[in-house]
Amino acid sequence: MEVLLFRALKSANIEGETAAKVVEALEEHIDVAIGQANKALEAKLDGIKMSVDAVKAGNEQMRVWMVIITSILAIIALLGSVASVVVQVLK
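Residues numbered from 1 in each chain as written. Predicted model: local features only at pLDDT ≥ 70, side-chain atom pairs only at ≥ 80, totals over all residues. Heavy atoms only, no water.

Asks: Explain the overall build of the protein here, please?
Replies: Per the secondary structure count, the protein includes two helices and zero strands. Since a compact globule built from 91 residues should have a radius of gyration of about 12 Å, the 36 Å found for the protein marks it as more spread out than a globular shape. Seen along its three principal axes, the alpha-carbon backbone of the protein occupies a region of about 115 × 15 × 10 Å. If you sum the accessible surface of the protein, you get close to 7,800 Å²; carbon and sulfur atoms cover 69% of it. Averaging the locations of the 9 positively and 11 negatively charged side chains of the protein gives two centres separated by 15 Å. (Helix = DSSP H or I, 4+ residues; strand = E, 2+ residues; numbered from the N terminus. Rg over C-alpha atoms; globule rule 2.2 N^0.38 Å. Areas by Shrake-Rupley, 256 points an atom, 1.4 Å probe, with all protein chains shown as cover. Lys, Arg positive; Asp, Glu negative; His and termini not counted. Charge placed at Lys NZ, Arg CZ, Asp CG, Glu CD.)

Asks: Sorry if this is basic, but what is going on with unusual backbone geometry here?
Replies: Phi is mostly negative for residues that are not glycine, and the peptide bonds are mostly trans. For Asn13, which is not glycine, the phi dihedral falls at a positive 65 degrees. Of note, Asn13 is situated in the loop between α1 (2-11) and α2 (16-90). Assessed through its relative accessible area of 71%, Asn13 is described here as exposed. (Buried < 20%, exposed > 50% of the residue type's maximum accessible area, 1.4 Å probe, protein only.)

In structure tokens form, the structure reads like this:
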């Protein structure tokens, strides 16, 4: 694009140095605009990453609670079995 713009400016009888400065200024403007657009996208991606990390942390916490609850249920079942055996032995 820069070469086409430079050639167009030259064909419009704009001096080479001036045409080069115009092209350079346009390049800088485009770089700034792209940088600003990227910042907005990066912010959105950071927000999504934070959400995903929060979900992962929640899943990990839920897994820990499931292990605890399952262990408690297993202990209660074991105690019930032991209690049945003790009752049978005492009869």
